Amino acid sequence: DTGVSQNPRHKITKRGQNVTFRCDPISEHNRLYWYRQTLGQGPEFLTYFQNEAQLEKSRLLSDRFSAERPKGSFSTLEIQRTEQGDSAMYLCASSLVGKRGDEQYFGPGTRLTVT
Amino acid sequence: GENVEQHPSTLSVQEGDSAVIKCTYSDSASNYFPWYKQELGKRPQLIIDIRSNVGEKKDQRIAVTLNKTAKHFSLHITETQPEDSAVYFCAPSNQAGTALIFGKGTTLSVSS
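Everything in this summary refers to the structure shown in the same document. (Residues numbered from 1 in each chain as written. Chains lettered and ligands numbered in written order. Predicted model: local features only at pLDDT ≥ 70, side-chain atom pairs only at ≥ 80, totals over all residues. Heavy atoms only, no water.)

Let us look at the interface of chain B and chain A. Tallying the contact residues gives 17 residues for chain B and 23 residues for chain A. For the chain B face of the interface with chain A, the top three residues by lost area are B:Arg43, B:Arg51 and B:Gly97, together amounting to 32%. Put simply, chain B and chain A have zero salt bridges between them. Scanning the region where chain B abuts chain A turns up seven residue pairs in polar contact (both at pLDDT 80 or more). Listing elements by their share of the side of chain B that touches chain A, those giving two or more residues are β4 (32-38) and β5 (45-51) of chain B. (Contact = heavy atoms within 4.5 Å. Buried area = accessible area lost by both parts, 1.4 Å probe. Salt bridge = Lys/Arg side-chain N within 4 Å of Asp/Glu carboxyl O. Polar contact = N/O pair within 3.5 Å; in protein donor to acceptor, adjacent residues only side chain to side chain. Helix = DSSP H or I, 4+ residues; strand = E, 2+ residues; numbered from the N terminus.)

Right, dumping it as structure tokens:
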């Protein structure tokens, strides 16, 4: 499968713990995005990278959230001191900017449950 | 920031009927207008998109129309089939390849 992959697919954690998710984009894609989706809502933009540079962060991204893309390939999203309100599906997407397409392709998501 | 609204929030049609979903946005700088389909438990998938220099685009049974003056764009599905049942999201942005701002979604149910 050459699509966007995310790990783990599910994560259950206790409030106050730290969690880290990983996203592997489509191999030639230079942009990588993180979104969060809660039940019955559309995805909400969190942040995106071009190669290893973080180009934009949403105001939704509190200082407990940090994202990295150290080598311009995979990315990690870390949530520190998790809260119950962090429970959501975390979606990663990637795109190839510079070509006519530049559509965003989504991964299957990581479902986080904070108890 | 961008305010995106979709109407209706739910839509039920008979197989073979047409379905139309409208998306209204607030940011006049928006120039990329995609529609995503999300089946239950699955990832969002791009089904069609349009850029601001085009008024309409069609791909088989699916079409998107854009009215930049009125700041809305619509998804049209003809000859609906049960497999079209899903949640549809519009997600305008200032530029393709930047942050997508999703609407709250429209749940389409196609009964046979």
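From this point, the narrative continues.
What follows is about the state of the cysteines. Residues and elements named next belong to chain A. Evaluation of the coordinates by the stated rule reveals two disulfides over all chains. Bridging Cys23 to Cys92, the disulfide has an S-S length of 1.8 Å. Handedness here is read from the sign of the S-S torsion; for Cys23 and Cys92, about -65 degrees, the answer is left-handed. Separated by 69 residues along the polypeptide, Cys23 in strand β3 (residues 19-24) and Cys92 in strand β9 (residues 88-95) bring together distant segments of the chain. (Disulfide = S-S within 2.5 Å.)

Throughout the structure, instances matching the rule amount to seven salt bridges over all chains. In this structure, B:Lys57 and B:Asp49 form a salt bridge, with 3.0 Å as the shortest nitrogen-oxygen distance. Given a relative accessible area of 36%, B:Lys57 falls into the partly exposed group. A cluster of three or more residues bridged by salt bridges with shared partners is formed by A:Arg64, A:Glu83 and A:Asp86. (Buried < 20%, exposed > 50% of the residue type's maximum accessible area, 1.4 Å probe, protein only.)

One finds B:Trp35, B:Phe73, B:Leu75, B:Tyr88 and B:Leu108 to be the most contacted residues of the largest nonpolar core, which totals 22 residues. When contributions to this core are tallied by element, the ones reaching two or more residues are β2 (10-14), β3 (19-25), β4, β5, β7 (62-67), β8 (72-77), β9 (86-90) and β10 (106-111) of chain B. At four residues, β3(B) tops the list of elements feeding residues into this core. Membership of the second largest hydrophobic core comes to 19 residues, among which are A:Val4, A:Trp34, A:Leu77 and A:Val114. (Core = buried A, V, L, I, M, F, W, Y, C linked by side-chain atoms within 4.5 Å.)

We now examine the pairing of β7(B). Residues and elements named next belong to chain B. Sheet analysis places strand β6 (residues 56-59) next to β7, joined by four bridges and oriented antiparallel. By the bridge assignment for β7, Lys57 is matched with Val64. Counting the residues in the hairpin turn of β6 and β7 gives two residues, including Gln60, whose phi is positive at 55 degrees. By the bridge criterion, six bridges tie β7 to β8 in an arrangement that is antiparallel. Following the sheet pairing, Thr65 is matched in β8 by Ser74. (Pairing = 2+ DSSP bridges.)

Residues and elements named next belong to chain B. Taken in spatial order, the five strands make up an open sheet running β2-β10-β9-β4-β5, and their pairing is mixed. The outermost strands of the open sheet, each flanked by one partner alone, are β2 and β5. Averaged over all adjacent pairs, the angle separating strand axes in this sheet is 20 degrees, with direction ignored. Pairing of β4 with β5, which is carried by six bridges, proceeds in the antiparallel orientation. Bridging from a neighbouring strand, Tyr36 pairs with Leu46 of β5. (Axes fitted to C-alpha atoms, helices over the stretch in contact; angles between N-to-C directions.)

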